[in-house]
Amino acid sequence: MDDPIITARDVSIFYGDKQAIFDVDMDILPNKVTAFIGPSGCGKSTFLRAINRMNDLIPICRMDGELRIGGQDIYAPEVDVVALRVQVGMVFQKPNPFPKSIFENVAYGLRIHKLATSRSELEDRVEWSLKSAGLWDEVADRLDQSGNSLSGGQQQRLCIARAIAVEPKVILMDEPASALDPIATAVVEELIDNLRKKYTIIIVTHSMQQAARISQRTAFFHLGNLVEFGDTKTIFTNPADERTQNYITGRIG
Amino acid sequence: MENEHIVRRFDKNLEKIKSKTLEMGELVGAQVRDATAMWINHDADEVARIVALDLRVNGLHREVYERAEILIARRQPVASDLRRTLAPINIAGELERIGDHAKSAARRAFVFSRNRPDQKLFDTIVKMSSIVQVMLSEVLIAYDHSNIGQAAEVRMQDREIDALHQAVLKLVISALANVSGDEELVAGYVHLVLISRNLERVGDHIVNISRYVNQIVEGDDLKARE
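Residues numbered from 1 in each chain as written. Chains lettered and ligands numbered in written order. Predicted model: local features only at pLDDT ≥ 70, side-chain atom pairs only at ≥ 80, totals over all residues. Heavy atoms only, no water.

## A few points about the overall build of chain A
Helix and strand counts for chain A come out as 10 helices and 10 strands. For chain A, whose C-alpha radius of gyration is 18 Å, the value lies close to the compact-globule estimate of 18 Å for 253 residues. In terms of overall dimensions, chain A has a C-alpha envelope of 55 × 45 × 35 Å along the principal axes. A burial count over chain A gives 52% of its 253 residues as buried. Summarising the internal contacts of chain A: among those between residues at least 6 apart in sequence, 66% fall at separations of at least 24. Looking at chain A as shown, the accessible area adds up to about 11,300 Å², and 51% of this sits on carbon and sulfur atoms. In chain A, which carries 28 positive and 33 negative side-chain charges, the distance between the mean positions of the two groups comes to 2 Å. (Helix = DSSP H or I, 4+ residues; strand = E, 2+ residues; numbered from the N terminus. Rg over C-alpha atoms; globule rule 2.2 N^0.38 Å. Buried < 20%, exposed > 50% of the residue type's maximum accessible area, 1.4 Å probe, protein only. Contact = heavy atoms within 4.5 Å. Areas by Shrake-Rupley, 256 points an atom, 1.4 Å probe, with all protein chains shown as cover. Lys, Arg positive; Asp, Glu negative; His and termini not counted. Charge placed at Lys NZ, Arg CZ, Asp CG, Glu CD.)

## A few points about the interface of chain A and chain B
By a frequent convention, interface size equals the accessible area lost on bringing the separate parts together. Chain A puts 14 residues into the contact, and the matching count from chain B is 15 residues. Taken together, chain A and chain B are joined by 1 salt bridge. A salt bridge links Arg251(A) to Asp81(B), with the shortest nitrogen-to-oxygen separation between them at 2.7 Å. If you look at where chain A meets chain B, you find 12 residue pairs in polar contact (both at pLDDT 80 or more). Secondary-structure elements contributing two or more residues to the side of chain A that touches chain B are α9 (232–237) and α10 (242–248) of chain A. If one sorts the elements of the side of chain A that touches chain B by residue count, α10(A) sits on top with 4 residues. (Salt bridge = Lys/Arg side-chain N within 4 Å of Asp/Glu carboxyl O. Polar contact = N/O pair within 3.5 Å; in protein donor to acceptor, adjacent residues only side chain to side chain.)

## Focus on the environment of Ile50(B)
All names here are of chain B. Mapped onto the secondary structure, Ile-50 falls in helix α2 (residues 47–75). Taking the C-alpha atoms as reference points, Ile-50 and Val-32, separated by 18 residues in sequence, lie 8.8 Å from one another. With sequence-adjacent residues up to four places away left out, Ile-50 is seen in contact with Gln-31, Asp-34, Ala-35, Met-38, Lys-103 and Ala-106.

## Quick word on the sheet that holds strand β5 (residues 72–73) of chain A
Residues and elements named next belong to chain A. Pairing within the open sheet is antiparallel, and its 4 strands lie in the order β2-β1-β4-β5. With partners counted over all chains shown, the strands left at the sheet margins are β2 (18–28) and β5, one partner each. Both strand β1 (residues 6–15) and strand β4 (residues 61–69) contribute to a ladder of 8 bridges, which runs antiparallel. By the bridge assignment for β4, Tyr-15 is matched with Cys-61. (Pairing = 2+ DSSP bridges.)

## Let's talk about the pairing of strand β9 (residues 217–222) of chain A
Residues and elements named next belong to chain A. Across the 6 residues that make up β9, a large majority, 5, are buried. Here strand β3 (residues 33–37) runs beside β9; their pairing, made up of 4 bridges, is parallel. Looking across to β9, one finds that Thr-34 is bridged to Arg-217. As defined by bridge partners, β9 adjoins strand β10 (residues 225–231) across 6 bridges and the pair is classed as antiparallel. Counterpart to Thr-218 in the pairing with β10 is Gly-230. Hairpin connection of β9 to β10: 2 residues between the antiparallel strands, including Leu-223 at a positive phi of 50°.

## Let's talk about the sheet that holds β9(A)
Residues and elements named next belong to chain A. Reading across the sheet, the 6 strands line up as β6-β7-β8-β3-β9-β10 and stay open at both edges, with mixed pairing between neighbours. Each having just a single partner strand, β6 (88–91) and β10 make up the two edges of the open sheet. Here the average twist between neighbouring strands, direction ignored, is 20°. (Axes fitted to C-alpha atoms, helices over the stretch in contact; angles between N-to-C directions.)

## Quick word on a positive patch on the surface
Residues and elements named next belong to chain B. Together, Arg-8, Arg-9, Lys-12 and Arg-74 make up a positively charged patch on the protein surface. In terms of residue count, the dominant contributor to the positive patch is helix α1 (residues 8–40) (3 residues). You can call Arg-8 exposed: its relative accessible area is 63%. (Patch = residues over 30% accessible without salt bridge, like charges linked within 9 Å, V, L, I, M, F, W, Y side chains within 5 Å.)

## Looking at the nonpolar core
Counting 64 residues, the largest nonpolar core has Trp39(B), Leu95(B), Ile98(B), Leu136(B), Tyr189(B) and Ile206(B) as its most contacted members. Every element with two or more residues in this core is listed here: α1, α2, α3 (79–107), α4 (110–114), α5 (119–144), α6 (148–178) and α7 (183–218) of chain B. For this core, the element with the most residues is α5(B), which contributes 13 residues. By size, the runner-up hydrophobic cluster in this structure holds 48 residues, among which are Val86(A), Leu110(A), Ala184(A) and Leu191(A). (Core = buried A, V, L, I, M, F, W, Y, C linked by side-chain atoms within 4.5 Å.)

## A few points about the confidence of the model for chain B
With 97% of its residues at a pLDDT of at least 70, chain B reaches an overall mean of 92. What the predictor reports for the complex is a pTM of 0.88 with an ipTM of 0.80. (pLDDT = per-residue confidence, 0-100.)

Printed below as a string of structure tokens:
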């Protein structure tokens, strides 16, 4: 088995006095889709956001323990958070294209991180990203139109194109399909399955069926604890912990 | 016992699949019992009744399958719910085969109505029948109560059925050595062996059901492990 790309050791996260995550140890394998599931307020999104230090934006949020990506302690003082977020991209629940053209939405990260040296290289990267996100054929003839002119599902794929344009190692997704209809959801799920060949994907989802469909590994969080983490196949057929069983089968816990 | 579902109808749906499977088990048990009563009472006319029961058994088999199918489509059961939905389909399949064996054994009741070739053989067959009837009712209780200890006991009882079947074979083989020439008597012995074989197979299907009970509770395939 591959070495983990992300390792969490004794990770605790606090919002002021309130502890949201308790001593989580977790190894996340590369080129797999890992799903985080659990009831609202269980800490799964908090833990997800710790992986690209999005919680830094919340002043009262504090983290103990150690989180490494590719061996590097991402909370070490010398780490450049902006560079970290190039490596660890993020896609949110509500598609949030910039109020710019489709082209500029994807080119944005490449420009600010100076990842393209010429106009033609920039165009090539944008085209590659849109193709990887399965959106190219739908937008190739209208790249100068606003990103907001696209449908919800297209906007979400545009955000995925924007995230992968800078070639991250890891893509974090927080409920990426919960605002989409079933067809757009299926398109995004198919895309996630293709993207994992190149990236490591972690997805927070409230849809049990979605976690079962698209992930290889599933982590169940409850009251800030990582209750169970294992192969998705096992979690959804024969979970070891009664709390997991109650949650995924919709029982009163 | 597991906690209730937040959606209560989910529990009702699962409960209904189980109760229909148990109902099917009771009918099949009645088929085995009636077949045995026919041999004891020399009554070959009741075959029609056993065959008629078969229609109800088949109807219940279909109903168990359809209810499971609808539950999967509507509720996407996972983990123990999924096992409690899929296992009854298999259990109902085993019950249906038991019913077929009861029917087949009942059709051979004429063996006993014309003449009883050997009291010892006859007693052995009746004993086999009463053991499988007990095994069947116990495996259904084990299924109803998710009792894997009781299911395991049922599997032990099957060894006795296998031993009795071997004993029947032995008795018939030695008996046949002395009756050559009497075609009717030879035919009678052959039918006895086939009845014994029917009951031995019934035992095996009950063992399979007990393994499904285990699978529902433990989530692992006992047959693959054994």
